[in-house]
Amino acid sequence: MIIPPTAVMRLAEFLERHAPVLVLTGAGISTASGIPDYRDHKGAWKRRQPVQHQVFLSDAEARQRYWARSLAGWPTIRNAVPNEAHHKLAELERSGTIHRIVTQNVDRLHQKAGSEGAIDLHGRADEVLCMQCGFRCSRDDFHYWCGDLNPDFTAHTAPAAPDGDADLEEDFSRFEVPDCPRCAGIMKPDVVFFGDNVPGHRVQSVREALSSSGALLVIGSSLMVYSGYRFCRMARDSGQPIALLNLGRTRADELATLKLDARISETLDALPRSVTASRLSPAG
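Asks: What should I look at first to understand the overall build of the chain in this one?
Replies: Scanning the chain from N- to C-terminus turns up 9 helices and 9 strands. At 20 Å, the chain has a C-alpha radius of gyration in line with the 19 Å of a compact globule built from 284 residues. Residue burial in the chain is summarised as follows: out of 284 residues, 54% are buried. A fraction of 73% describes how many contacts in the chain between residues 6 or more apart in sequence connect residues 24 or more apart. When the accessible surface of the chain is split by element, carbon and sulfur atoms take 47% of a total near 12600 Å². For the chain, the distance from the average site of its 33 positive side-chain charges to the average site of its 35 negative ones is 5 Å.

Asks: Looking at this structure, how should I read the packing of helix α7 (residues 200–211) against helix α8 (residues 226–237)?
Replies: Between two packed helices, what matters for the description is the angle formed by their axes and the separation of those axes. In contact at an axis separation of 11 Å, α7 and α8 are set at 35 degrees when each is read in the N-to-C sense. The element α7 and its partner α8 pack so that their crossing is right-handed. Listed contacts from α8 to Val 203, Val 206, Arg 207 and Leu 210 of α7 are Arg 230, Phe 231, Met 234 and Ala 235.

Asks: Before we go on, may I ask you to explain the sheet that holds strand β1 (residues 21–25) in this structure?
Replies: Strand pairing in a sheet relies on backbone hydrogen bonds. The paired strands run either parallel or antiparallel. Taken in spatial order, the 6 strands of this open sheet run β3-β2-β1-β7-β8-β9, and their pairing is parallel. Each end of this open sheet is capped by a strand with a single partner; those strands are β3 (119–120) and β9 (258–260). Against the sheet, helix α4 (residues 84–95) touches β1, β2 (98–103) and β7 (215–219), its axis set at about 145 degrees to β2. Here α8 sits on the sheet in contact with β1, β7 and β8 (242–245), set at roughly 150 degrees to β7.

Asks: Can you walk me through helix α6 (residues 139–149) in this structure?
Replies: Along an α-helix, residues three or four apart share an orientation, since each turn contains 3.6 residues. The set of residues buried in α6 consists of Arg 139, Phe 142, His 143, Cys 146 and Gly 147. Seen along its axis, α6 keeps its buried residues to an arc of 140 degrees; they face one direction. Looking at the buried residues of α6, the elements they touch are α3 (60–79), β4 (123–130), β5 (136–138) and β6 (187–191).

Asks: Where do I start with the packing of α3 against α6 in this structure?
Replies: Interhelical geometry of α3 versus α6 gives an angle of 135 degrees and a closest axis separation of 10 Å. Overall, the two elements α3 and α6 adopt an arrangement that is oblique. Seen from above, α3 lies across α6 with left-handed handedness. Counting all contacts with α3, which are made through Tyr 66, Trp 67, Ser 70, Leu 71, Trp 74, Pro 75 and Arg 78, the residues of α6 involved are Arg 139, Asp 140, Phe 142, His 143, Tyr 144, Cys 146 and Gly 147. Broken down by class, the residue content of the contact of α3 with α6 amounts to 8 nonpolar, 3 polar and 3 charged.

Asks: Is there a simple way to explain the side chain of Ser 213 in this structure?
Replies: With respect to the secondary-structure elements, Ser 213 resides in the loop between α7 and β7. Within the local environment of Ser 213, its side chain forms a polar contact with the backbone oxygen of Ala 209, the two atoms lying 2.7 Å apart.

Asks: What should I look at first to understand unusual backbone geometry in this one?
Replies: With the exception of glycine, the majority of residues adopt a negative phi angle, and the majority of peptide bonds are in the trans configuration. Between Ala 19 and Pro 20 the backbone carries a cis peptide bond, its omega angle lying at 0 degrees. Here Pro 20 lies in the loop between α1 (5–18) and β1. The backbone of Arg 108 sits at a positive phi, close to 65 degrees, despite the residue not being glycine. As for its position among the elements, Arg 108 is in the loop between β2 and α5 (109–112). Phi is positive for Leu 223, which is not a glycine, with a value near 60 degrees. Checked against the element boundaries, Leu 223 lands in the loop between β7 and α8.

Each value, and the rule that gives it
Residues numbered from 1 in each chain as written. Predicted model: local features only at pLDDT ≥ 70, side-chain atom pairs only at ≥ 80, totals over all residues. Heavy atoms only, no water. Helix = DSSP H or I, 4+ residues; strand = E, 2+ residues; numbered from the N terminus. Rg over C-alpha atoms; globule rule 2.2 N^0.38 Å. Buried < 20%, exposed > 50% of the residue type's maximum accessible area, 1.4 Å probe, protein only. Contact = heavy atoms within 4.5 Å. Areas by Shrake-Rupley, 256 points an atom, 1.4 Å probe, with all protein chains shown as cover. Lys, Arg positive; Asp, Glu negative; His and termini not counted. Charge placed at Lys NZ, Arg CZ, Asp CG, Glu CD. Axes fitted to C-alpha atoms, helices over the stretch in contact; angles between N-to-C directions. Left-handed = near helix turned anticlockwise from the far one by under 90°. Pairing = 2+ DSSP bridges. Arc of directions from axis to C-beta. Parallel < 35°, antiparallel > 145°, perpendicular 65-115°, else oblique. Nonpolar A, V, L, I, M, F, W, Y, C, P; charged D, E, K, R; others polar. Polar contact = N/O pair within 3.5 Å; in protein donor to acceptor, adjacent residues only side chain to side chain.

Below is the structure:
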């Protein structure tokens, strides 16, 4: 797909004028890495909604479904590699054009691309923790533990979901979910499931990063979830410009100074190398 030169030019001008900027990314930046997103270009659900936090904690059958499907879904997330967009943002971060990256994704692809200090707003899918005692282990270790206990489920294949779940319907009643090896508590991915709250210290970290930035750039998010949308409202209230790079509508369209309805990787990759913040200071 050919990216209109005007889209690239307008984004480059925004970055140069307002650098250093805070970047907030969503699922749309990782689709080119093979990780699916949840919503269509209108912001509506296009797949089964993810598991709810309270349901996961209170319903043993929900945990059986999640961890059984995770045997099929987690490898897609684990094996994904950063795409051109992740690498470009890491480059812009090193140049000083980007002050900091905040991501709603749990795939850790920004870190794999070399971004330092990225804030995982919704946590990280590559770790699992006990909800009772705080015991923590790698997702891979827990994945293989589930497979050892349930060898009949390891042969299933299904399309993955962004959080390591999968689109698989089977009889999960026989699936054995491992308990915490320390206290027998409930083990859960270290991610903020729908219906849960983002930890306060992460929100505060983003607030501080935004206050030290000249503008906010949102990439690949419909912002339908308030946890990300709130930062657009904060930027608006403080008079900071907002740019949106996303295919389709977002919840913050009316707040934006600049809206680019364009493909993400191609647009970012086409930015000129001259986009740098070495001689700039925050605007506004």
